[in-house]
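If you want the building blocks of each chain, they are given just below.
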There are 2 protein chains.
Amino acid sequence: MVTKTKTYAQRAKDHPNTAAKQLLETIDRKKSNLCVSVDVTRKANFLAIIDLVGPFVCLVKTHIDIIEDFDHDLIEQLQVLSKKHDFLIFEDRKFADIGNTVSLQYSSGVHKIASWSHITNAHPVPGPSIITGLASVGKSLGRGLLLLAEMSTKGSLAVGSYTEDAVKMARAHKDFVMGFIAQQRMDGVGAEGGSGTEEEDFLILTPGVGLDVKGDGMGQQYRTPREVIVESGCDVIIVGRGVYGNPNALDVDGVRRQAERYMKEGWKAYLERIGEQ
Amino acid sequence: MVTKTKTYAQRAKDHPNTAAKQLLETIDRKKSNLCVSVDVTRKANFLAIIDLVGPFVCLVKTHIDIIEDFDHDLIEQLQVLSKKHDFLIFEDRKFADIGNTVSLQYSSGVHKIASWSHITNAHPVPGPSIITGLASVGKSLGRGLLLLAEMSTKGSLAVGSYTEDAVKMARAHKDFVMGFIAQQRMDGVGAEGGSGTEEEDFLILTPGVGLDVKGDGMGQQYRTPREVIVESGCDVIIVGRGVYGNPNALDVDGVRRQAERYMKEGWKAYLERIGEQ
């Protein structure tokens, strides 16, 4: 049975990676494959948006380094919201340095990402040492790593052999790499004939999802939840400004309505994919 | 006359990019093409090392996000040292996200990189929007951007067409891109026949330089200043732990001696390259 047609619950049961298992269980429990990306620069807006969208998401994606009034209390409140609303946290750090440096960036500094973010991500461009550097910090904490196998921007260089190499690197480090940021399933990509990749289950998280717009004027391109989940076989849709609009003029009911709308569209697409609609 | 055999002073005179011009002038004034990478996690060690190596460097490379006790005073003191010892600052952030996100990461957050770092760098993997996103913040401030065209780690994916695409992206954004992190000169790389790239002058800054070791056990590989400057035609050597050793047991005289040693080796290699030794 191919991964694409299995239920999230079946995949959770069998998954060897702690963070992947947690995420699949959360998706199944909440009937939501929606991740909201909260790209705002003020703590109050950040927490307000997360409290609003929390009930509708399996995952909250953060860019902690854009928040101007970041402090330790922000992390504590984020963790409280994570428990209150039952979602995981994904710091979208896009690590991209050599092993020694990323291990410090992940564990240390003002932000101490490894101590609170269940999931993070990295570009494969430095080679396998980026994975071992991050794993040296995150593996014992039960964290999971996503590799950026593709990007949703115009002119992305994460294509062809680059994407294949990313998948090969992940396959060699399944104990820590739980999946990919990508635009489509990666099952068997870059595999030699008969290498037994049928059993692998890498989660695919996909940014650039929108219902109402096609681009942001800064290179980002959008697809619908149905295109992403049904046609391309991805597992989690990532939506940002499409849910919360202008962070400095939050429309409380509007944000909830949009979050619920994306959640329902994502779930409907999943049911279609597994043949249950 | 090819860039490789021009003097730093000649290149400074003609360079259209503000940050590149400043860096070339500093190199010429101090007779140093040495950049020290200060990869430590405590403010006191960070400032102590920079004060020690300051007289011997044209550029200090920082990873501001690994410093646990970062505060605004650290930036003020770093700027004082930059003036005292006459060096520029290069935050090695390795931006690697979509245009909208990198513009926020560069301008905002706790670290406000654009406000103090003369030079920063980015991976070309997201496509050209990463340059325009960063330029929207840094260009009016006279900042310069380096693209990572190659990496010094084992199994790096920044090779072949990836490197060519990086150079093409830089060539299309010369107003903000001042050069590359790379292992060799990029003159004419990825250029179509007769496209007039003879006049281009991208600075090449090269990490992975060491006189005493070959690797760090975490994927980093080292070459000597002569290999980097003479054989590969690079412009600035980047040295880290090779200069300052163990940050928690600083040998004050040893650090000065190593910094001077690398400075002299780098300059000797440059003189050989331009035929003046």
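A quick note: this is a predicted structure, and the numbers were derived from the prediction, not measured. (Residues numbered from 1 in each chain as written. Chains lettered and ligands numbered in written order. Predicted model: local features only at pLDDT ≥ 70, side-chain atom pairs only at ≥ 80, totals over all residues. Heavy atoms only, no water.)

**Quick word on the overall build of chain A**
The condition is simple: Secondary structure is summarised from DSSP: a helix means a run of H or I of at least four residues, a strand means a run of E of at least two, and numbering begins at the N terminus for each. Computation of the radius of gyration draws on C-alpha atoms, with the globule rule given as 2.2 Å multiplied by the number of residues to the power 0.38. In this scheme, a residue with accessible area under 20% of its type's maximum is buried, one over 50% is exposed, and one in between is partly exposed, where area comes from a 1.4 Å probe on protein chains only. Contact between two residues is taken to exist if any of their heavy atoms lie within 4.5 Å; hydrogens are not considered. All accessible-area figures derive from a Shrake-Rupley calculation using a 1.4 Å probe, and residue coverage is judged against the displayed protein chains alone. In summary, the charge assignment counts Lys and Arg as positive and Asp and Glu as negative, without counting His or the chain termini. By convention, the charge on Lys lies at NZ, on Arg at CZ, on Asp at CG and on Glu at CD.
For chain A, the helix and strand inventory stands at 10 helices and eight strands. The globule rule puts the C-alpha radius of gyration for 277 residues at 19 Å, and the 18 Å found for chain A is close to it. Principal-axis analysis of the C-alpha atoms places the extent of chain A at approximately 55 × 45 × 40 Å. The proportion of buried residues among the 277 residues of chain A is 61%. A separation threshold of at least 6 residues defines the contact pool for chain A, and within that pool the share at least 24 residues apart is 74%. Carbon and sulfur atoms provide 49% of the accessible area of chain A, an area that totals close to 10100 Å². Chain A carries 33 positive and 36 negative side-chain charges, and their two centres are separated by 2 Å.

**Some remarks on the interface of chain B and chain A**
Let me state the cut-off plainly: Accessible surface is computed with a 1.4 Å probe, and the buried area is the amount of it that two parts give up when combined, taken over both parts together. When a carboxyl oxygen of Asp or Glu is within 4 Å of a side-chain nitrogen of Lys or Arg, the pair counts as a salt bridge. In protein, a polar contact means a hydrogen-donor-capable atom and an acceptor-capable atom, both N or O and within 3.5 Å, with residues adjacent in sequence counting only if both atoms are side-chain atoms; elsewhere, any N or O pair within 3.5 Å suffices.
Contacts between the two partners involve 47 residues from chain B, matched on the other side by 47 residues from chain A. Together chain B and chain A conceal approximately 3800 Å² of surface at their shared face, both sides included; 60% is due to carbon and sulfur atoms. For chain B, the biggest contributors to the area lost against chain A are V125, L157 and M218 of chain B; these three give 17% of the whole. On inspection of chain B and its partner chain A, the count reaches four salt bridges. The salt bridge partner of R93 of chain B is D65 of chain A, with a shortest N-O separation of 2.8 Å. Seen at the junction of chain B and chain A, the total is 18 residue pairs in polar contact (both at pLDDT 80 or more). Elements supplying a minimum of two residues to the side of chain B that touches chain A: β3 (88–95), α5 (99–107), α6 (129–138) and α7 (161–171) of chain B.

**What to know about the side chain of T163 of chain A**
Residue and element names in this part refer to chain A. Examined against the element boundaries, T163 turns out to sit in helix α7 (residues 161–171). Within polar-contact distance, the side chain of T163 engages the backbone oxygen of A158 at 3.1 Å. Excluding its chain neighbours within four sequence positions, the residues that come into contact with T163 are A149, E150, A158 and M186.

**Focus on the pattern of salt bridges**
All names here are of chain B. Applying the stated criterion to the full structure yields 45 salt bridges over all chains. The shortest N-O distance in the salt bridge between D69 and R42 comes to 3.7 Å. You can see D69 sitting in the loop between β2 (59–62) and α4 (72–85) and its partner R42 sitting in the loop between β1 (34–38) and α3 (43–53), a full 27 residues away along the chain. We classify R42 as partly exposed; its relative accessible area is 40%. For D73, the salt bridge goes to K43, with nearest N and O atoms at 2.8 Å.

**Observations concerning the relation of the copies chain B and chain A**
To be explicit about the condition: Least-squares superposition of the copies uses the C-alpha atoms of those residues scoring a pLDDT of at least 70 in each of them.
Of the two same-sequence chains, chain B is brought onto chain A (RMSD 0.0 Å, axial shift 0.0 Å) by a rotation of 180 degrees. Viewed as a symmetry operation, the transformation between the two copies matches a two-fold axis. Taking the C-alpha atom as reference, chain B places A96 of chain B closest to the rotation axis, 3.6 Å from it. Same-surface contact between copies: 100% of interface residues of chain B are shared with the interface of chain A.

**Looking at the UniProt feature "active site" (unreviewed entry) in chain A**
Selection criterion: UniProt positions are given in the numbering used here, feature names are shortened, and annotations may be inferred rather than shown by experiment.
Mapped onto the present numbering, the UniProt feature "active site" (unreviewed entry) falls at D92, K94 and D97 of chain A. On the accessibility criterion, D92 of chain A (3% relative accessible area) is buried. D92 of chain A has contacts with K61, T62, H63 and N121 of chain A together with D97 of chain B, leaving out every residue within four places of it along the chain. Looking at the element boundaries, D97 of chain A is found in the loop between β3 (88–95) and α5 (99–107).

**Details of the sheet that holds strand β5 (residues 144–148) of chain A**
Backbone-to-backbone hydrogen bonds join strands into a sheet, with any given pair of strands oriented parallel or antiparallel. All names here are of chain A. Formally: Between any two strands, at least two bridges found by DSSP are needed for them to pair. Axis geometry follows a simple rule: fit a line to the C-alpha atoms, using only the stretch in contact for helices, then measure angles between N-to-C directions, giving values from 0 to 180 degrees.
Read around the closed barrel, the eight strands follow the order β1-β2-β3-β4-β5-β6-β7-β8; overall the barrel is parallel. Adjacent strand axes in the sheet meet at a mean angle of 30 degrees, parallel and antiparallel pairs treated alike. Both strand β1 (residues 34–38) and strand β8 (residues 236–239) contribute to a ladder of three bridges, which runs parallel. Bridge pairing in β8 places L34 opposite I237.

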